[in-house]
Amino acid sequence: MAQTEIDREASVLSRMIAFWRRRFDTARGRPPVRRLVFVLGGGGSRGACTVGALRALLEAGIKPDAVVGCSSGAFNAVALAMSPDLETIDRLAQVWRSIRNRDLFNRNPLRMAYRYARSRNSFFDSRYLRALAARHLPPTFDQLALPCAILATNLTLARKEVFTSGSVPDAVAASSAIPGVFNPYRIGDCEYVDGAVAENVGFNEAIALGATSIVAIDNSTANPLRRPPSSNLPGVLAQSIQIMLAQRTLEEYQRYADRTEIALLVPNVEFGTVGTDFSQCERLIEEAYARTRAFLREGGGLRPDGQVEAGIHYLLPARPATIVSLAQ
């Protein structure tokens, strides 16, 4: 179910408890218990980049204690929370490779016109998002091995919602329903759209889950050296939204970086793939894997204690001196 007011108060209380526990441990000379939370952003088809990045992280021995997901990152987050191992990544990669453009976006003009005439708010059906999640993910949150929070936007109540229990397929569909593309996804009396409308990354939710460090993967950053994929209206809108989401991610990072260690990985700096093109998933997975692996092995991404170096890391092609990192 969506997070209620009682849940919100509990989240505030849990953050306070985690803060004072760390202070108490420090005062007694004990190192605080380390809790790593992965935060997985969206990006439509660019969510395939996350799969490659996750493989490189797990191969390096970096495993999460909890997961937060938003938009297409919601699917990835739940899959990882099932079992954070390489076998899960293999299955997740296969799911991404199996998605076809025609499955999500049947662009037959008559069908699109019929869909819009019926819904008056979209061209494609968000029920496919639920069907995809139901086919590959557990039915409920209590079947996950790790704590998992999924972000969505409650269109009815005009606020962010956090799903931590109840139906997994409903939560994933609600988090992934891009407004104007998919119809709002209804749960009970409320309609939901893509979580990125309210919050693109879930740093605050990660802290609520007790994070002492965060590894976030963002696929929304626009490449400033690349022209928009098209100068028509959809191309301009897509590039504008990508810029807006990237800017919000940076602002969120700046807001929370002094509260916990955050390593923000950006693996798709200049791929140039639009978020509705699922024909390139294989390439996105492999290239993001190569970039993240190079960053961790040769790019100074790992600290001596085996953790990811905090900061914003733009992962460029795996060639010498092509990883641009910004100090925290």
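That block above? That's the structure.
All values derive from a computational prediction rather than experimental measurement.

### Points about the packing of helix α2 (residues 48–59) against helix α11 (residues 281–297)
Link 1 in the chain: Closest axis-to-axis distance for the α2/α11 pair is 7 Å, and the angle between their directions is 35 degrees. For the element pair α2 and α11, the recorded crossing hand is right-handed. Residues A48, C49, V51, G52, A53, R55, A56, L57 and E59 of α2 form the contact with α11, whose own contacting residues are C281, L284, I285, A288, Y289, T292, R293 and L296.
Link 2 in the chain: Broken down by class, the residue content of the contact of α2 with α11 amounts to 12 nonpolar, two polar and three charged.

### Quick look at unusual backbone geometry
Link 1 in the chain: A positive phi angle is found at S71, which is not glycine, with a value near 60 degrees.
Link 2 in the chain: Of note, A158 is a non-glycine position whose phi angle comes to about 55 degrees, a positive value.
Link 3 in the chain: Here A158 lies in the loop between β3 (148–154) and β4 (159–163).

### A closer look at the environment of C70
Link 1 in the chain: With respect to the element layout, C70 can be found in strand β2 (residues 66–70).
Link 2 in the chain: Judged by relative accessible area, which is 1%, C70 ranks as buried.
Link 3 in the chain: Placed 79 residues apart in sequence, C70 and A149 show a C-alpha to C-alpha distance of 8.7 Å.
Link 4 in the chain: When residues no more than four places from it in sequence are discounted, the contact partners of C70 are L40, G41, G42, L151, S175, G195, A196, E199 and N200.

### As for a nonpolar patch on the surface
Link 1 in the chain: Taken together, the side chains of L233, L237, I241 and M244 present a nonpolar region at the surface, about 390 Å² in accessible area.
Link 2 in the chain: Among the secondary structure elements, M244 is positioned in helix α10 (residues 233–256).
Link 3 in the chain: With a relative accessible area of 41%, M244 lands in the partly exposed category.

### Re the packing of aromatic side chains
Link 1 in the chain: For the structure on display, the rule yields two aromatic pairs.
Link 2 in the chain: Aromatic side chains F203 and Y256 sit 6.4 Å apart centroid to centroid with 65 degrees between the ring planes, which places their arrangement in the edge-to-face category. Of the two residues, F203 sits in helix α9 (residues 203–208) while Y256 sits in helix α10, which places them 53 residues apart along the sequence. The same class applies to F203 as to Y256, namely buried.

### Looking at the pattern of salt bridges
Link 1 in the chain: The full count for this structure, using the stated rule, is 14 salt bridges.
Link 2 in the chain: One salt bridge connects K160 with E205, and the closest N-O pair in it is separated by 2.7 Å. Pair noted here: K160 is in strand β4 and E205 is in helix α9, with a separation of 45 residues, a long-range link.
Link 3 in the chain: Among the residues examined, E205 registers a relative accessible area of 7% and is labelled buried.
Link 4 in the chain: Among the charged side chains, a salt-bridge network with shared partners connects R34, E261, R303 and D305.

### Describing the side chain of E205
Link 1 in the chain: Within the structure, E205 has its side chain in polar contact with the side chain of K160 (distance 2.7 Å).
Link 2 in the chain: Other than its neighbours up to four places away in sequence, E205 contacts V68, L151, K160, V162 and E199.

### Here's the deal with the nonpolar core
General note: in soluble globular proteins, nonpolar side chains tend to be found buried as a group.
Link 1 in the chain: With 61 residues, the main nonpolar core has F38, L57, W96, I150 and V308 as its most contacted residues.
Link 2 in the chain: For this core, the leading source of residues is α2, giving eight residues.
Link 3 in the chain: Excluding anything up to four places from it in sequence, F38 contacts L54, L57, I62, K63, P64, A66, V67, V68, L80 and V215.

### Focus: the pairing of strand β8 (residues 261–266)
Link 1 in the chain: Among the six residues that make up β8, five are buried, leaving the element largely enclosed by the rest of the structure.
Link 2 in the chain: The pairing of strand β7 (residues 213–217) with β8 spans five bridges and is classified as parallel. Note that in β8 the partner of I217 across the bridge is L265.
Link 3 in the chain: Sheet topology places β8 next to strand β9 (residues 311–315); four bridges connect them, and they run parallel. Its bridge partner being in β9, A263 is matched across the sheet by G311.

Calculation criteria
- Residues numbered from 1 in each chain as written.
- Predicted model: local features only at pLDDT ≥ 70, side-chain atom pairs only at ≥ 80, totals over all residues.
- Heavy atoms only, no water.
- Axes fitted to C-alpha atoms, helices over the stretch in contact; angles between N-to-C directions.
- Helix = DSSP H or I, 4+ residues; strand = E, 2+ residues; numbered from the N terminus.
- Left-handed = near helix turned anticlockwise from the far one by under 90°.
- Contact = heavy atoms within 4.5 Å.
- Nonpolar A, V, L, I, M, F, W, Y, C, P; charged D, E, K, R; others polar.
- Buried < 20%, exposed > 50% of the residue type's maximum accessible area, 1.4 Å probe, protein only.
- Patch = residues over 30% accessible without salt bridge, like charges linked within 9 Å, V, L, I, M, F, W, Y side chains within 5 Å.
- Areas by Shrake-Rupley, 256 points an atom, 1.4 Å probe, with all protein chains shown as cover.
- Salt bridge = Lys/Arg side-chain N within 4 Å of Asp/Glu carboxyl O.
- Phe/Tyr/Trp six-rings, centres within 6.5 Å; stacked < 30°, edge-to-face > 60°.
- Polar contact = N/O pair within 3.5 Å; in protein donor to acceptor, adjacent residues only side chain to side chain.
- Core = buried A, V, L, I, M, F, W, Y, C linked by side-chain atoms within 4.5 Å.
- Pairing = 2+ DSSP bridges.

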